[in-house]
Amino acid sequence: MAKIESELIRRWLNGWTVARSLPEAEPVEPAGDGLRSKCDQPGREVEVFALRADEEPGSLARLAAAVAAASRPTWLTVPTLRPGTVEAVVSAAGLELLQRSEWFMTTDLTEHPPHAPAAPYEREVRTEGSVTVVSLHGPSGEVAARGAIAVVGADAIADRIETDPAHRRRGLGRAMMSTLAEVAVAQGARTGLLIASQEGQHLYSSLGWHHEADVLIARGRVVPRPPHEH
């Protein structure tokens with residue numbers, strides 16, 4: 001049966017937590033069906049990442065039930081080659097489906113095509129530890145596009161790639177990805193990993209990134225706590 005390798009998901013998550021300065025993800029016990037990350041964002045305090053959704057039918061069901069029973073706002077992210085099956089399982093558990101069209105993608109960074117930002121745009125590169133943030137500035141100094149990449153061993157995880165709406169369709173996305181790849185390779189990375197929004201999939205595909213799996217994201221329907229009685 002075709003499936004996305006759990007080790008690939010682990011590698012992406014390891015770099016994603018580094019990119020966002022989050023604590024290392026912890027295994028979901030007792031069966032090890034997934035990994036739990038503390039995001040501490042409003043409405044997204046915890047995120048659980050499924051590791052074996054395509055391997056064992058009961059694995060995803062256990063994770064979905066745990067997310068549904070969570071007392072804190074919790075998301076469930078599921079890389080899969082069987083999105084229809086995953087959607088049915090998370091819906092049966094009572095979870096709310098947020099995204100069904102994101103992609104898990106990889107590439108060989110050493111073969112990434114080069115693209116420089118066209119004038120008058122200029123790029124700024126700042127590296128702190130394992131994370132590099134790239135900003136492309138417009139003619140008035142405004143940030144027209146930004147993105148980050150975290151290098152962990154031979155992997156580089158691209159994250160938070162954004163282009164301001166006023167500066168789209170000017171090749172900035174291609175220039176951003178080229179710069180991130182260049183920086184990562186210089187730091188020893190060879191494999192690029194990312195989760196692409198529907199808007200970014202065409203760009204990444206045109207640059208040689210490969211679709212490895214669909215990604216579905218759901219969340220538990222947390223019941224508001226009653227106010228404290230005095």
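Criteria and thresholds
Residues numbered from 1 in each chain as written. Predicted model: local features only at pLDDT ≥ 70, side-chain atom pairs only at ≥ 80, totals over all residues. Heavy atoms only, no water. Helix = DSSP H or I, 4+ residues; strand = E, 2+ residues; numbered from the N terminus. Contact = heavy atoms within 4.5 Å. pLDDT = per-residue confidence, 0-100. Core = buried A, V, L, I, M, F, W, Y, C linked by side-chain atoms within 4.5 Å. Buried < 20%, exposed > 50% of the residue type's maximum accessible area, 1.4 Å probe, protein only. Pairing = 2+ DSSP bridges.

A. Fine view of the environment of Arg126. Relative to the helices and strands, Arg126 resides in strand E6 (residues 122-128). In sequence terms Arg126 and Ala148 are 22 residues apart; their C-alpha atoms lie 9.5 Å from each other. Beyond its immediate sequence surroundings of up to four residues, Arg126 is in contact with Val131, Thr132 and Val133.

B. Quick peek at the environment of Leu216. Topologically, Leu216 is positioned in strand E11 (residues 210-219). Between the C-alpha atom of Leu216 and that of Arg52, which follows or precedes it by 164 residues, the distance is 14 Å. Sequence-distant contacts of Leu216, that is, excluding residues within four places in its chain, are made with Leu76, Thr77, Val78, Thr80, Pro83, Val86, Glu87, Leu97, Gln99 and Arg100.

C. Inspection of the confidence of the model for the protein chain at higher detail. The share of residues in the protein chain with pLDDT of 70 or more is 96%, and the mean pLDDT across the chain is 93. Low pLDDT, under 50, characterises residues 226-230; the predicted model gives this stretch 0 contacts beyond four residues in sequence or across chains.

D. Examining the nonpolar core more closely. One finds Met177, Leu194 and Trp209 to be the most contacted residues of the largest nonpolar core, which totals 24 residues. For this core, the secondary structure elements donating two or more residues are strand E7 (131-137), strand E8 (143-152), strand E9 (155-163), helix H4 (172-186) and strand E10 (191-196). With 7 residues, H4 is the largest single contributor of residues to this core. For Met177, the residues in contact, after removing those within four places along its chain, are His112, Ala158, Ile161, Leu194, Leu203, Tyr204, Leu207 and Trp209.

E. Region of interest: the pairing of E11. Taken together, the 6 bridges between strand E4 (residues 74-80) and E11 define a ladder with antiparallel strand orientation. Residue pairing in the sheet places Thr77 in a bridge with Ile217 of E11.

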